[in-house]
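Given next are the chains, with one letter for each unit.
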Amino acid sequence: MKRNRRAALTALTIAALMTLAPALGLLDKADWTVSDAWYQDPLLFDGDIVLVGIDQRAIEEIGPYDEWSREIVAMAIEFLNESEDCRPAAICLDVLYTGVSTPEADARLAEAAGACGNVVTGGVAQFDDGFTEREDGMFYQDRFAIRLFEEPFDAMKEAAVTGHVNAMLDTDGILRHHLLSITLPDGREIPSMALAAAEKYQAFYGLEPVERPPVDGNGFWYVPFSGGPEDLWESISVADLLAGEVPADYFAGKVVMIGPYAPGLQDSYFTSIDHAEAMYGVEYQANAIQALIRGDHRQEAADGPQLAVLFLLLVLSLAAFWQRPVAFSTAVWLLLAGGWLGLCKLLYDRGYVLHVLWVPVGVTILYAGCLAANYIRAALERQKITNTFQRYVAPEIVRELLKEGEALELGGTQVDIAVLFVDVRGFTTMSEALEPPQVVEILNRYLTLIADCILNHHGTLDKFVGDAAMAFWGAPLPQDDYVMLACRAAMDMVKGSEALSQELLARYGRTVSFGVGVHVGPAVVGNIGSPKRMDYTAIGDTVNTSARLEANAPGGTVYISRAVADSLEGRIRATSLGDTIKLKGKKDGFEILTLDEILDEIL
């Protein structure tokens, strides 16, 4: 229970830290970029908006723009409004006419703008992110405090509706929001040019007033762009308009945007529908007008609920990814990441803007992290198993076992193996005469010798039982010449015990020796026991016979069966004892031999 609580607390902590990243804005730029690509798609063009551009050709024919008389734009307005039947619903001048020029030009522009009441002219607010004094005398920082509003000259301001043309970029330098209106220090509300144009369009056709889209705390509205730069809007040069190459009735009932449409006029922005190509200001205004006329509103969902959903999904992701199969984790990852993208698109079409990247990034990081952690954990567990198993089995056998994935499965297989039993003769008598620490030291020396001889000849060390040991060859994997390997290990034990006995004789005045038995035949080899406690061992008559051979072998002697001798015929020298020794459980006639020498020295 304590371990489960600790795991749950760890999962909650990881999810909380990962939720904190978007909450602090660390994903903002990446999220905006992905969201722009995911949400902004060009729409069908309905032809209600026409751009009349102050373009490069007009500049070449009329002259440098900064030298244009205001009468030029006045003539354009007069042409568009030449009769009641052909006048546009709105004429938007995305140009600042602050201050005065010449009396004649100013008067003509104001008269043309006021003749039909369908002109919207531009004003621009200057913001100061300094400190503003509240009514209680305290100061606060207001990033959108209006310090100055540049309005058209007086006559123009009386003749036309003023709409602000402020284009406010997000912190990544992309234009994706629209400031719907501003409130001046004197209390006047100035709509955006787009809002003013849309209202005139609705009024022209006797429609309901424009339904204002939801805005954030600073008055900004998310713009669903209808088209990219030079994408949808029909553009006509102001030079063609003045030359009469386009009939006036073409503009009837439409919104006509007149404004800069040349790179040198420095009125362009990178927008959410295209980060690579700049959009002219009149195109941006046209997109905002189009969305307002269509009632195509988008509301950005509050961050708080999205962060809560993100936290919950991250917790669920951890539970789904941790120590789970790769296929299952991958399916959950695709479901969460892909499902979130689909949900974002679905809700966007219904008027809500979600953060596209938060959930996919979070679950992807957890997916990759858990896969890596699961892999490392499995590798460590595998290494732990390997290190442990190598205490019993030759390393190369362990590698093969784990590669096959069978090391920890309960069950056994019948195979032919060579089984060796060895016991230390005289050890009990010696232990009675020595101190316990000395007994442990001597036993460990003998058991180390036994283990080395077994593992050096690629055997499986099954178990130690007191001062005895059991090993087998031919399993868990097939081995070439496994009977010979068992006999070599047996002979090495006898030879090694002779040198060790001489050392013990010199130190303690006592000596011991090995009795060894080797038999070959079928046995069941595998993990025997229960799922909670198992031993990798061999069972069967072959094992029992080998144990009986060892029990009867004198110290310094290796007893083998006829089956062993026959399998190594010509490669060993052995002496038959016939049936002079009776093995418990065996019928008369079971032949026992002593292994005297191994003749074949080539493995």
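The structure under discussion appears in the preceding block.
Description of the structure in this document.

Cut-offs used in this document
Residues numbered from 1 in each chain as written. Predicted model: local features only at pLDDT ≥ 70, side-chain atom pairs only at ≥ 80, totals over all residues. Heavy atoms only, no water. Helix = DSSP H or I, 4+ residues; strand = E, 2+ residues; numbered from the N terminus. Expected span 1.5 Å × (residues − 1). Buried < 20%, exposed > 50% of the residue type's maximum accessible area, 1.4 Å probe, protein only. Patch = residues over 30% accessible without salt bridge, like charges linked within 9 Å, V, L, I, M, F, W, Y side chains within 5 Å. Areas by Shrake-Rupley, 256 points an atom, 1.4 Å probe, with all protein chains shown as cover. Salt bridge = Lys/Arg side-chain N within 4 Å of Asp/Glu carboxyl O. Phe/Tyr/Trp six-rings, centres within 6.5 Å; stacked < 30°, edge-to-face > 60°. Lys NZ or Arg CZ within 6 Å of the ring centre and 35° of its normal. Axes fitted to C-alpha atoms, helices over the stretch in contact; angles between N-to-C directions. Parallel < 35°, antiparallel > 145°, perpendicular 65-115°, else oblique. Left-handed = near helix turned anticlockwise from the far one by under 90°. Contact = heavy atoms within 4.5 Å. Nonpolar A, V, L, I, M, F, W, Y, C, P; charged D, E, K, R; others polar.

**With respect to helix α15 (residues 436-456)**
Thinking step 1. Taking 1.5 Å of rise per residue, 21 residues should cover 30 Å, and α15 covers 30 Å from first to last C-alpha, within 8% of that figure.
Thinking step 2. Buried residues of α15: Val 439, Ile 442, Leu 443, Tyr 446, Leu 447, Leu 449, Ile 450, Ala 451, Cys 453 and Ile 454, and no others.
Thinking step 3. Two residues or fewer past α15, His 458 is found with a positive phi of approximately 60 degrees.

**Concerning a nonpolar patch on the surface**
Thinking step 1. A cluster of nonpolar side chains, contributed by Leu 17, Leu 20, Leu 24 and Leu 26, occupies part of the molecular surface with about 440 Å² of accessible area.
Thinking step 2. Take Leu 17: it is sitting in helix α1 (residues 2-23).

**A short note on the packing of aromatic side chains**
Thinking step 1. For the coordinates displayed, the defined rule picks out 11 aromatic pairs.
Thinking step 2. Judged by centre distance (6.4 Å) and plane angle (35 degrees), the rings of Phe 225 and Tyr 284 are tilted. A residue pair is termed long-range when its members are at least 10 positions apart, and Phe 225 in the loop between β11 (220-222) and β12 (234-237) and Tyr 284 in helix α9 (residues 281-294) qualify at 59 residues. Like Phe 225, the residue Tyr 284 is buried in the burial classification.
Thinking step 3. Each member of the aromatic cluster is reached from another via a ring pair, and the members are Tyr 39, Tyr 222 and Tyr 348.
Thinking step 4. For Lys 254, the ring lying beneath its charged end belongs to Tyr 250, and the centroid distance is 3.9 Å.
Thinking step 5. Sitting over the ring of Tyr 348, Arg 298 keeps its end group 4.3 Å from the ring centre.

**Looking at the packing of helix α4 (residues 70-80) against helix α5 (residues 103-115)**
Between two packed helices, what matters for the description is the angle formed by their axes and the separation of those axes.
Thinking step 1. Running from N to C, α4 and α5 point in directions that differ by 20 degrees, and their axes come no closer than 8 Å. Here α4 lies roughly parallel to α5, going by the angle between them. The two elements α4 and α5 cross, and the hand of that crossing is left-handed. Where α4 approaches α5, its residues Arg 70, Glu 71, Val 73, Ala 74, Met 75, Ile 77 and Glu 78 are matched on the opposing element by Ala 105, Asp 106, Arg 108, Leu 109, Ala 112 and Ala 113.

**Structural notes on the packing of helix α10 (residues 303-321) against helix α11 (residues 326-349)**
Thinking step 1. Between α10 and α11, whose axes approach to 10 Å, the crossing angle comes to 165 degrees. In terms of axis orientation, α10 runs roughly antiparallel to α11. Taken as a pair, α10 and α11 cross one another with a handedness that is right-handed. The segment α10 lies against α11, with Gln 306, Val 309, Leu 313, Ser 317, Ala 320 and Phe 321 engaging Phe 328, Ser 329, Val 332, Trp 333, Leu 336 and Trp 340.
Thinking step 2. Residue composition of the contact of α10 with α11, by class: 9 nonpolar, 3 polar and no charged.

Geometric values such as these leave the question of function open.
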